[in-house]
Amino acid sequence: MNMSSENILLRRYLCRRLSSYYAQPAHKVVGSIDSGFISRIPSGIKSCDATSISSHENAAKMPMFGNGKIIDFRSLWGEWHWKKTYKRLYKEQQGMWLTPCELFKPYYSNVFANFVSETVSNNSNSKEMFDVVEFGGGRGTNAKAILDHLNKCHPSVYKRLSRYIIFDTSPTLHELQKEVILMDRSQQSHADKVELVNLDLMHVAEGDGDFLCKSETPTIAIGLELLDNLPHDKIGRCIDTNEILQAELISLKASHLSDESKSRKTIGMEPTFEIDITRQYTETFAPLNDPLLEKILSIAPKIYTPVASQGPRWVPTVALGVLMKLFECRPNSSVAFADFDWLPQPDLGVSNDNPHYFSSSETSLHRIVEPAIGDPLVTDMNGIDHVAYLTEPPDALCDILFPTDFGRLAAFVKQFLATITETSESSRSPIISSFSLKQSDFLLKYGATEVDKTKSWLTGFSPLVDDFGNCSVLIVAPQLQKLYSPDNMIQ
C-alpha cells in the first residue's frame with residue numbers, strides 16, 4: 001500500500017518525540033559537573049613519597065575552567081576510584097546525561113580543537129579564512145573550550161577563523177548557549193566569531209529551511225554525541241516479492257492523558273509536522289516512496305539496503321541527509337563526528353537501582369514493533385529503559401539513543417563524495433578520506449598531551465581513553481589517507 005495521509009514516517013514521529021524531550025529545561029537534558037564536585041587528594045596521600053605528594057599538590061591547584069569546575073583526574077587512584085567518582089558525579093548533577101565534553105572538560109574538547117588546527121593547517125594556505133560548524137552544541141561547553149584552546153595554543157589558526165556556527169534543535173539549549181558564549185564578558189570572549197542557529201536538522205536533511213550558504217570556504221564540521229539522537233528510519237524487504245519497504249506508524253486510538261501531557265503535542269514543531277504523540281500507534285510496512293530514503297539507497301545500494309533473511313534495518317536518514325547537504329553547500333568540508341558504536345540492551349528487569357515492573361501493555365508493545373538491526377535504547381526521565389520507541393505512556397519524555405555503524409557511515413560518505421566529485425567544479429582536493437577510528441585512537445592521535453592530563457598518578461589509568469570503549473569517530477578530510485589506511489569499511 002502507499003503511505004496514506006494518516007500514516008507517519010518513522011523519522012517524523014521520532015523527531016516529534018525527541019523535540020519534546022529537548023524542549024525541557026536545559027539542565028534536565030544535558031548535565032554539568034558544575035553542580036558536582038572537583039576531585040580532592042585522597043586522604044591516604046600522606047603515606048606516599050614526597051614526589052607523589054608534590055604531584056598531587058600541583059594537581060589540586062589546577063585552575064577552574066571558566067566559572068565551572070574540572071575533575072582532577074591525576075589525583076585518582078586508578079580505575080576503581082574513577083568508577084566511584086563517576087557514579088557520584090551522576091548522582092549529584094541534575095541532567096539526564098553527562099557528555100564527554102562536560103565530563104572531561106576541557107581536555108576532550110581540546111583534542112577536537114587540535115583536529116581543527118591540524119586539518120586547516122594541512123589543507124589550506126596560511127592566510128585563508130575558514131568556518132567551524134558544530135551540530136548539536138549542548139550547553140555550549142564544547143564550543144567555548146575549542147575557541148579558548150585555539151586562541152591560546154593555535155593563535156594563528158584562531159585569527160583565521162571567520163565563523164563558529166552552532167546548529168541546535170533544542171530551544172532551551174539554544175538559549176543556554178547564548179548565555180555561555182554570546183553573553184560572556186570575560187577577556188576570552190568569542191562572541192564576535194560565534195553564530196547560533198535554532199534549527200531542526202530533520203528539515204535540513206529533507207532540504208527544507210535555511211542552512212549554510214554555498215561557499216568554497218574551508219569548513220570543519222563537528223558533532224559530539226549527535227548521531228545517536230538524530231531521527232532514523234526503518235526499512236525491510238518483503239520475503240515474497242523482495243520489494244524494499246519503509247516502516248510507518250498507524251494511529252490505534254486517542255490516549256486519554258492529562259492536560260499537561262496533551263499540551264506537549266505541539267512543542268517545537270512546524271505545523272507541517274504536527275503529530276499527536278498522546279495517541280497509541282502500531283508499526284506497518286509499505287512500499288518505499290520517501291524521497292530521502294530513495295536517494296540514500298540509490299547512492300549506495302549495498303550499504304543500507306536490507307537483506308530479507310536478516311530482517312529490517314534502521315537507517316540514519318537525518319544524519320546522512322545532513323552530511324549530504326553539508327558537502328553540497330560546502331564542498332571543502334572536513335568532518336569529525338564522535339558517538340556510540342554500540343549500546344547495551346535495555347535493562348527491563350528489577351534491581352535496586354531500577355525497581356520497576358513493566359506492565360503487560362508495555363511488554364505487548366514489543367509485538368507491534370518489528371525488531372531491527374540497530375534498535376535504539378529508550379530511557380525515560382526516571383532512568384527507566386523501555387522495550388521499544390513506542391512507549392507506555394505513549395508521550396513519555398524519553399531519550400531515544402541509536403548506535404551508529406561507523407563503517408557503513410564512512411562508506412556511504414565516501415560513495416557520496418565520489419558521485420558529486422564527478423560532476424562538481426569545486427576546488428576540493430581529489431584526495432579525500434572517509435573512515436572511522438575508535439575514539440581512543442582519535443584522542444591519542446590529536447591529543448596525547450591532553451590524555452596525559454587525565455591519567456591517574458598511581459596506575460596511569462585514563463578514563464578518557466581506557467573507559468567508554470563503545471565510541472568511535474567518523475573522519476572526513478582531504479589527504480588523510482597518506483596517514484591512515486581506512487579500516488572498518490564495508491567491502
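What counts as what
Residues numbered from 1 in each chain as written. Predicted model: local features only at pLDDT ≥ 70, side-chain atom pairs only at ≥ 80, totals over all residues. Heavy atoms only, no water. Helix = DSSP H or I, 4+ residues; strand = E, 2+ residues; numbered from the N terminus. Buried < 20%, exposed > 50% of the residue type's maximum accessible area, 1.4 Å probe, protein only. Expected span 1.5 Å × (residues − 1). Phe/Tyr/Trp six-rings, centres within 6.5 Å; stacked < 30°, edge-to-face > 60°. Lys NZ or Arg CZ within 6 Å of the ring centre and 35° of its normal. Pairing = 2+ DSSP bridges. Right-handed = clockwise from strand over helix to strand, strands pointing away. Salt bridge = Lys/Arg side-chain N within 4 Å of Asp/Glu carboxyl O. Contact = heavy atoms within 4.5 Å. Polar contact = N/O pair within 3.5 Å; in protein donor to acceptor, adjacent residues only side chain to side chain. Axes fitted to C-alpha atoms, helices over the stretch in contact; angles between N-to-C directions. Parallel < 35°, antiparallel > 145°, perpendicular 65-115°, else oblique. Nonpolar A, V, L, I, M, F, W, Y, C, P; charged D, E, K, R; others polar. pLDDT = per-residue confidence, 0-100.

Enquirer: I'm lost on the environment of Glu392 in this one. Help?
Expert: With respect to the helices and strands, Glu392 occurs in the loop between strand 12 (385–386) and strand 13 (398–401). C-alpha of Glu392 to C-alpha of Gln280: the two residues are 112 residues apart in sequence and 8.7 Å apart in space.

Enquirer: How should I be thinking about unusual backbone geometry in this particular structure?
Expert: In most cases, non-glycine residues show a negative phi, while peptide bonds are predominantly trans. Backbone torsion omega between Lys105 and Pro106 reads -5°, so that peptide bond is classified as cis. Within the secondary structure layout, Pro106 lies in the loop between helix 5 (100–103) and helix 6 (107–123). Here the amide bond leading from Glu392 into Pro393 is cis, since omega sits at 0°, within 30 degrees of zero. When you line up the elements, Pro393 lands in the loop between strand 12 and strand 13. Of note in this structure, Glu225 is not a glycine but carries a positive phi near 50°. Within the secondary structure, Glu225 sits in the loop between strand 5 (219–224) and strand 6 (233–237). By relative accessible area, Glu225 is classed as partly exposed at 23%. Positive phi outside glycine occurs at Phe468, with the angle close to 55°.

Enquirer: Whenever I open this one, helix 6 confuses me. Can you help?
Expert: Every α-helical turn comprises 3.6 residues, leaving residues that sit three or four positions apart pointing alike. Compared with the 24 Å implied by 1.5 Å per residue over 17 residues, the 25 Å span of helix 6 between its first and last C-alpha is a close match. With 13 of its 17 residues buried, helix 6 lies for the most part within the structure.

Enquirer: How should I be thinking about the packing of aromatic side chains in this particular structure?
Expert: Inspection of the entire model under this criterion finds 24 aromatic pairs. Between the aromatic rings of Phe104 and Phe468, the centroid separation amounts to 5.9 Å while the plane-to-plane angle is 85°, which identifies the pairing as edge-to-face. Residue Phe104 is located in the loop between helix 5 and helix 6, and its partner Phe468 is located in the loop between helix 18 (463–466) and strand 15 (471–478); the two are separated by 364 residues in the primary sequence. Residues Trp314 and Phe402 carry aromatic rings whose centres are separated by 5.0 Å and whose planes lie at 65° to one another, so their mutual orientation is edge-to-face. Of this pair, Trp314 sits in strand 9 (residues 313–315) while Phe402 sits in the loop between strand 13 and helix 16 (406–423); the two residues are 88 residues apart in sequence, bridging distant segments of the chain. Across the pair, Phe402 and Trp314 agree in class, each one buried. Each member of the aromatic cluster is reached from another via a ring pair, and the members are Phe73, Trp82, Tyr86, Tyr90, Phe104, Tyr107 and Phe468. Sitting above the plane of the Tyr446 ring, Lys445 keeps its charged end 5.8 Å from the centroid.

Enquirer: Would you take a moment to explain the sheet that holds strand 11 (residues 377–380) for this structure?
Expert: For sheets, the rule is that strands pair by backbone hydrogen bonds, running either parallel or antiparallel. Read from one edge of the open sheet, three strands run 12-11-13, paired in antiparallel fashion. Both outer strands of the open sheet, strand 12 and strand 13, are each paired with one neighbouring strand and no more. In the sheet, strand 11 pairs with strand 13 via four bridges, with the strands oriented antiparallel. Pairing of Val378 across the sheet is with Ile400, part of strand 13.

Enquirer: Got a minute to help me understand the pairing of strand 4 (residues 194–198) in this structure?
Expert: Side-chain positions along a regular strand alternate between the two faces of the sheet. Note: strand 3 (residues 161–168) against strand 4, five bridges, orientation parallel. Its bridge partner lying in strand 4, Ile166 is registered against Leu196. Taking the sense of rotation as the criterion, the β-α-β connection linking strand 3, helix 9 (residues 171–182) and strand 4 turns out right-handed.

Enquirer: Help me out: how do you make sense of the pairing of strand 11 in this one?
Expert: Here strand 11 shows two buried faces, one formed by Leu377 and Thr379 and the other by Val378 and Asp380. Sheet topology note: the strand 11/strand 12 ladder contains two bridges and is antiparallel. Directly across from Thr379, in strand 12, lies its bridge partner Asp385. Where strand 11 folds back onto strand 12 in an antiparallel hairpin, the turn is made up of four residues, including Gly383, whose phi is positive at roughly 80°.

Enquirer: Would you explain the pattern of salt bridges in this entry?
Expert: Close approach of charged atoms lets side chains of opposite charge pair. Applying the stated criterion to the full structure yields 19 salt bridges. Among the salt bridges present, the one from Arg11 reaches Asp290, with a minimum N-O distance of 2.8 Å. In this pair, Arg11 is assigned in helix 1 (residues 10–22) and Asp290 in the loop between strand 8 (280–287) and helix 12 (291–299), connecting sequence segments 279 residues apart. The same class applies to Arg11 as to Asp290, namely buried. Several salt bridges converge on common partners, so that one network encompasses Arg11, Arg12, Glu206, Asp233 and Asp290.

Enquirer: So what exactly am I meant to see when it comes to the side chain of His149 here?
Expert: Its place among the elements puts His149 in helix 7 (residues 141–153). Apart from residues lying up to four places away in sequence, His149 is in contact with Asn110, Ala113, Asn114, His154 and Glu450.

Enquirer: How should the environment of Gln24 be read in this particular structure?
Expert: Among the structural elements, Gln24 can be located in the loop between helix 1 and helix 2 (26–29). A relative accessible area of 9% places Gln24 in the buried class. Separated by 373 residues in sequence, Gln24 and Leu397 have C-alpha atoms that sit 9.1 Å apart. Sequence-distant contacts of Gln24, defined by excluding residues within four places in its chain, comprise Val29, Thr172, Met381 and Leu397. From its side chain, Gln24 meets the backbone oxygen of Tyr21 in a polar contact 2.9 Å long.

Enquirer: I tried to follow helix 1 on my own but got confused; where do I start?
Expert: Taking 1.5 Å as the rise per residue, helix 1 with 13 residues should run 18 Å; its terminal C-alpha atoms sit 18 Å apart, in good agreement. In terms of residue burial, helix 1 counts as a mostly covered element, since twelve of its 13 residues are buried. Buried residues of helix 1: Leu10, Arg11, Tyr13, Leu14, Cys15, Arg16, Arg17, Leu18, Ser19, Ser20, Tyr21 and Tyr22, and no others.

Enquirer: Got a minute to help me understand the packing of helix 6 against helix 17 (residues 439–452) in this structure?
Expert: The description of two packed helices rests on the angle between their axes and on the distance between the axes. Relative to each other, helix 6 and helix 17 sit at 90°, their axes nearing to 8 Å. In terms of axis orientation, helix 6 runs roughly perpendicular to helix 17. The residues of helix 17 that touch helix 6, namely those facing Tyr107, Tyr108, Asn110, Val111, Phe112, Asn114, Phe115 and Glu118, are Gln439, Phe442, Leu443, Lys445, Tyr446, Gly447 and Glu450. When grouped by side-chain class, the residues that make up the contact of helix 6 with helix 17 number eight nonpolar, four polar and three charged.

Enquirer: Where do I start with the confidence of the model for the chain in this structure?
Expert: Caution is warranted with low-pLDDT regions, since their predicted coordinates should not be read in detail. Overall, the predicted model of the chain reaches an average pLDDT of 83, with 79% of residues at or above 70. Contacts from residues 36–68, a stretch scored under 50 in pLDDT, to residues over four places away or in other chains number 57 contacts. Contacts for the low-pLDDT stretch residues 351–360, under 50 throughout, to residues beyond four places or in other chains number 14 contacts.

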